[in-house]
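One-letter residues, chain by chain:
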Amino acid sequence: IKHGLSEARNGLYLQYIDKAKLNIEHGNDLEAKGFIRRAEDLASTYPTQVSQVSDFDLIKYELDYQVYLKNISEGKKFLSDGNYSLAYYKLLDALLLEEVSNFEIYEPLPDLFVEAAVPYLVDQCKLGEVKVIKNNLDEARYIYNDCLSLQSDYGLDFEQDLQTSLVMLNNSIFNKQCEVT
């Protein structure tokens, strides 16, 4: 019985790998990720019974690279459409993948990210202004602190539009606090 279970688990593992490869070829990253995750879970749950395929790391690499390129492509499209929020998240995901992966990087990515991040963070500051008007000072402070932290993390300290938005939000929070007390 144990031998039969081991063979069944190996067969299931290989099915997951094959389905992941097929989904990578068809550009279905989410489905491919799901099958890779299932294969990893099965292998980690039954390490003595499941034999990992030798090109498993290559399959994961191909998927990560496909997702990386797709995120850049979608980020560029969102950026050109003026949808800075979605561009920001797509390009941020690409940057994060780039940090943990070993593939050829897309040189313009940091500049594209700045193009999306500045208007996104300015929009967040505007949202903070709305929170101040509605007397939600805790939420406004959270937005301010988050934007200030991200400004520093992304090296956007000298972006004038963002700096102006942060100063205005900070002043609005301070002024509203003075009114309330």
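About the thresholds
Residues numbered from 1 in each chain as written. Predicted model: local features only at pLDDT ≥ 70, side-chain atom pairs only at ≥ 80, totals over all residues. Heavy atoms only, no water. Helix = DSSP H or I, 4+ residues; strand = E, 2+ residues; numbered from the N terminus. Rg over C-alpha atoms; globule rule 2.2 N^0.38 Å. Buried < 20%, exposed > 50% of the residue type's maximum accessible area, 1.4 Å probe, protein only. Contact = heavy atoms within 4.5 Å. Areas by Shrake-Rupley, 256 points an atom, 1.4 Å probe, with all protein chains shown as cover. Lys, Arg positive; Asp, Glu negative; His and termini not counted. Charge placed at Lys NZ, Arg CZ, Asp CG, Glu CD. Patch = residues over 30% accessible without salt bridge, like charges linked within 9 Å, V, L, I, M, F, W, Y side chains within 5 Å. Salt bridge = Lys/Arg side-chain N within 4 Å of Asp/Glu carboxyl O. Core = buried A, V, L, I, M, F, W, Y, C linked by side-chain atoms within 4.5 Å. Axes fitted to C-alpha atoms, helices over the stretch in contact; angles between N-to-C directions. Parallel < 35°, antiparallel > 145°, perpendicular 65-115°, else oblique. Left-handed = near helix turned anticlockwise from the far one by under 90°.

S.K.: Which residues make up the overall build of the chain, and what are the values?
M.R.: For the chain, the count of helices and strands is seven helices and zero strands. Seen in sequence order, the chain has helices and strands lined up from the N terminus as α-α-α-α-α-α-α. Taking 181 residues into account, the globule formula puts the C-alpha radius of gyration at 16 Å, and the chain, at 23 Å, lies well above it. With respect to the three principal axes, the spread of C-alpha positions in the chain is 75 × 35 × 25 Å. Residues classed as buried in the chain amount to 36% of the 181 residues present. Long-range pairs, those at least 24 residues apart, make up 64% of the contacts in the chain between residues at least 6 apart in sequence. Total accessible area computed for the chain in this model is approximately 11,100 Å², and 52% of it derives from carbon and sulfur atoms. Of the side chains in the chain, 17 bear a positive and 30 a negative charge, and the two mean positions are spaced by 9 Å.

S.K.: If you had to explain a positive patch on the surface to someone new, which residues and values would you point to?
M.R.: A contiguous patch of positive charge on the surface is contributed by Lys19, Lys33, Arg37 and Arg38. Residue contributions to the positive patch peak at three residues, all from helix 2 (residues 29-45). Looking at where Lys19 falls in the secondary structure, it is placed in helix 1 (residues 2-25).

S.K.: Give me the nonpolar core: which residues, what numbers.
M.R.: Formed by 50 residues in total, the largest nonpolar core has its most connected members in Tyr13 and Tyr88. At 11 residues, the largest contribution of residues to this core is made by helix 5 (residues 109-133). Apart from the residues lying within four places of it in its own chain, the contact partners of Tyr13 are Ala39, Leu42, Ala43, Val50, Ser51, Gln52, Val53 and Phe56.

S.K.: Could you give me a rundown of the packing of helix 6 (residues 137-153) against helix 7 (residues 160-180), with the residues and numbers involved?
M.R.: Where helix 6 meets helix 7, the closest approach of the two axes is 10 Å, and the angle between their N-to-C directions is 155 degrees. One element, helix 6, and the other, helix 7, form an angle in the roughly antiparallel class. When the axes of helix 6 and helix 7 are compared, the crossing they make is left-handed. Taking contact as the criterion, the partners of Leu137, Ala140, Arg141, Ile143, Tyr144, Cys147, Leu148 and Gln151 in helix 6 are, on helix 7, Leu162, Gln163, Leu166, Leu169, Asn170, Ile173, Lys176 and Gln177.

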